[in-house]
Amino acid sequence: MRHIPGGTFTMGSTHGYPEEGPTRQVKLDSFWVDEVPVTNRSFARFVEHSGHITTAEIAPDSKDYPGMLPEMAHPGSLVFNKTGHPVPLDQVNLWWSFTLGADWRHPWGLDSDLDALDLWDHPVVHVSWHDATAFAKWAGKSLPTEAEHEYAARGGLDEKEFAWGDELAPEGQMMANYWQGQFPISNTLDDGWERTSPVRSFPANGYGLFDMIGNVWEWTSDWWVDQHDLLHRKKVRNACCSVSNPRGGSLRDSFDPSQPQIRIGRKVLKGGSHLCATNYCQRYRPAARHPEMIDTSTSHIGFRCVIRRP
């Protein structure tokens, strides 16, 4: 783990997506954070010692998902696959599919496995928020808050667009695992990777942390809230003051208003993934954020842990 000194930083951005603003001053106590995302190797030790069964390995209960098709009542997870032709970028179902048998051991489906694909040092994927918190508890750690993740990702650089400065690929150097080319059709692989990459494949940031940007999205402990300015006003009375150690929204506020029949909370994801591209989801930035239901697992979501002590 790496020690992150406490301090004040500018959280959010006015140059990205609307949900990233407004910018505000946030003060954090010092903490320790994993140098890399949890790998398949580390997660395997956890499963061996604890007997944990991941969400993707358990068939969903139709009582929890009104209108669920019978063919979905089997263990599985969401797997990304390229489309091979142009598609509307607002129809995610064209590149995401619920794949029976996909789980952390079989990241692309039943016909794939960690040994054959040499993925032991890649970030674990197909883990729900419940799986991530179970690992953290077993390890004597916690999931980071959204503010802690963003602060750590910035590596000591305040108000910079990326974790390494203001240029995505300085002098052509690939600084993270993200999509090059036209998403979701073709990936030119300028960074060398089609999907996830082994941890430490790209330069560390100013705090010595790897893969805080790209590779896989990372779960945080914070409930999603759409209006950060509302949250900010709850924490401080005066706009001149900073928020100390914010802890996100509430379960009720996190529900997806577009799916009122499903009352499943959403947590904040940070860091972007190997599927972020210049033409789609430009969230390979510290300020970027995304909501995800706590029961969801996919082929591009992982996590890392923190310990809150001096």
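Residues numbered from 1 in each chain as written. Predicted model: local features only at pLDDT ≥ 70, side-chain atom pairs only at ≥ 80, totals over all residues. Heavy atoms only, no water.

Some thoughts on the overall build of the chain
Across its full length, the chain holds six helices and 12 strands. The C-alpha radius of gyration computed for the chain amounts to 19 Å, which stays within 12% of the reference 19 Å derived for 310 residues, consistent with globular compactness. Taking the principal axes of the C-alpha coordinates as reference, the chain spans close to 55 × 45 × 45 Å. For the chain, with 310 residues in total, the buried portion stands at 53%. Of the contacts formed within the chain by residues at least 6 apart in sequence, a portion of 73% connects residues at least 24 apart. A total accessible area of about 14,000 Å² is found for the chain, and carbon and sulfur atoms account for 51% of it. (Helix = DSSP H or I, 4+ residues; strand = E, 2+ residues; numbered from the N terminus. Rg over C-alpha atoms; globule rule 2.2 N^0.38 Å. Buried < 20%, exposed > 50% of the residue type's maximum accessible area, 1.4 Å probe, protein only. Contact = heavy atoms within 4.5 Å. Areas by Shrake-Rupley, 256 points an atom, 1.4 Å probe, with all protein chains shown as cover.)

Brief notes about the pairing of strand 9 (residues 266-270)
The buried fraction of strand 9 is high, at five of five residues. Of the pairings in the sheet, the one linking strand 9 to strand 10 (residues 289-293) comprises five bridges and is antiparallel in character. By the bridge assignment, Lys 270 is partnered in strand 10 with Arg 289. (Pairing = 2+ DSSP bridges.)

Re helix 1 (residues 40-50)
Along an α-helix, a turn takes 3.6 residues, which lines up residues three or four apart on a common side. Burial in helix 1 covers these residues: Asn 40, Ser 42, Phe 43, Ala 44, Phe 46 and Val 47. Looking at the buried residues of helix 1, the elements they touch are helix 2 (114-117) and helix 3 (129-138). Looking one or two residues past helix 1, Gly 51 carries a phi angle of roughly 75°, positive in sign.

So, the packing of aromatic side chains
Applying the stated criterion across every chain yields a total of 20 aromatic pairs. Consider the rings of Phe 80 and Trp 96, whose centres lie 6.0 Å apart with planes at 70°: the pair is edge-to-face. In this pair, Phe 80 is assigned in strand 5 (residues 76-80) and Trp 96 in strand 6 (residues 96-100), connecting sequence segments 16 residues apart. Each of the two residues, Phe 80 as well as Trp 96, counts as buried. Taken together through their ring pairs, the aromatic side chains of Phe 43, Phe 46, Trp 104, Phe 135, Trp 138 and Phe 303 make up a single cluster. Above the face of the Trp 223 ring, Lys 267 is positioned so that its terminal group lies 3.6 Å from the ring centre. (Phe/Tyr/Trp six-rings, centres within 6.5 Å; stacked < 30°, edge-to-face > 60°. Lys NZ or Arg CZ within 6 Å of the ring centre and 35° of its normal.)

Here's the deal with the side chain of Thr 196
Along the chain, Thr 196 turns up in the loop between helix 4 (146-154) and strand 7 (217-223). The exposure class assigned to Thr 196 is buried, which follows from its relative accessible area of 11%. Residues within four places of Thr 196 in sequence aside, it is in contact with His 122, Pro 123, Val 125, Asn 177, Asn 215, Val 216, His 274 and Ser 299.

Some thoughts on the sheet that holds strand 7
Spatially, the four strands line up as an open sheet ordered 10-9-7-11, and their pairing is mixed. For this open sheet the edge positions go to strand 10 and strand 11 (301-302), each flanked by a neighbour on one side alone. Lying over the sheet, helix 4 contacts strand 7, strand 9 and strand 10, oriented at roughly 140° with respect to strand 7. (Axes fitted to C-alpha atoms, helices over the stretch in contact; angles between N-to-C directions.)

Observations concerning the nonpolar core
Within the largest apolar cluster, 38 residues are counted, with the highest numbers of intra-cluster contacts made by Phe 43, Trp 219 and Phe 303. Among the secondary structure elements, those contributing two or more residues to this core are helix 1, helix 3 and strand 7. Other than its neighbours up to four places away in sequence, Phe 43 contacts Val 38, Thr 54, Trp 104, Val 124, Val 127, Asp 131, Phe 135 and Phe 303. (Core = buried A, V, L, I, M, F, W, Y, C linked by side-chain atoms within 4.5 Å.)

What to know about the sheet that holds strand 3 (residues 24-28)
Strands sit in the order 2-3-8 across an open sheet of three strands; the sheet is mixed. A single partner strand is all that each edge strand has here, and the edge strands are strand 2 (7-11) and strand 8 (243-244). Pairing of strand 2 with strand 3 involves five bridges; the strand directions are antiparallel. Directly across from Thr 8, in strand 3, lies its bridge partner Lys 27. Contacts between helix 4 and the sheet are confined to strand 2 and strand 3, with strand 2 contributing the most and set at about 95° to the helix.

A few points about unusual backbone geometry
In this chain, Gly 21 is followed by Pro 22 through a cis amide linkage whose omega measures -5°. With respect to the element layout, Pro 22 can be found in the loop between strand 2 and strand 3. A cis amide bond links Phe 183 with the next residue in sequence, Pro 184, at an omega value of -5°. As for its placement among the helices and strands, Pro 184 is situated in the loop between helix 4 and strand 7.

Digging into the packing of helix 1 against helix 3
Where helix 1 meets helix 3, the axes come as close as 11 Å, and the angle between the chain directions of the two elements is 75°. Between helix 1 and helix 3, the interaxial angle falls into the category roughly perpendicular. For the pair helix 1 and helix 3, contact is made by Ser 42, Phe 43, Arg 45, Phe 46, His 49 and Ser 50 and by Asp 131, Ala 134, Phe 135 and Trp 138, respectively. Across the contact of helix 1 with helix 3, the residue classes break down as five nonpolar, three polar and two charged. (Parallel < 35°, antiparallel > 145°, perpendicular 65-115°, else oblique. Nonpolar A, V, L, I, M, F, W, Y, C, P; charged D, E, K, R; others polar.)

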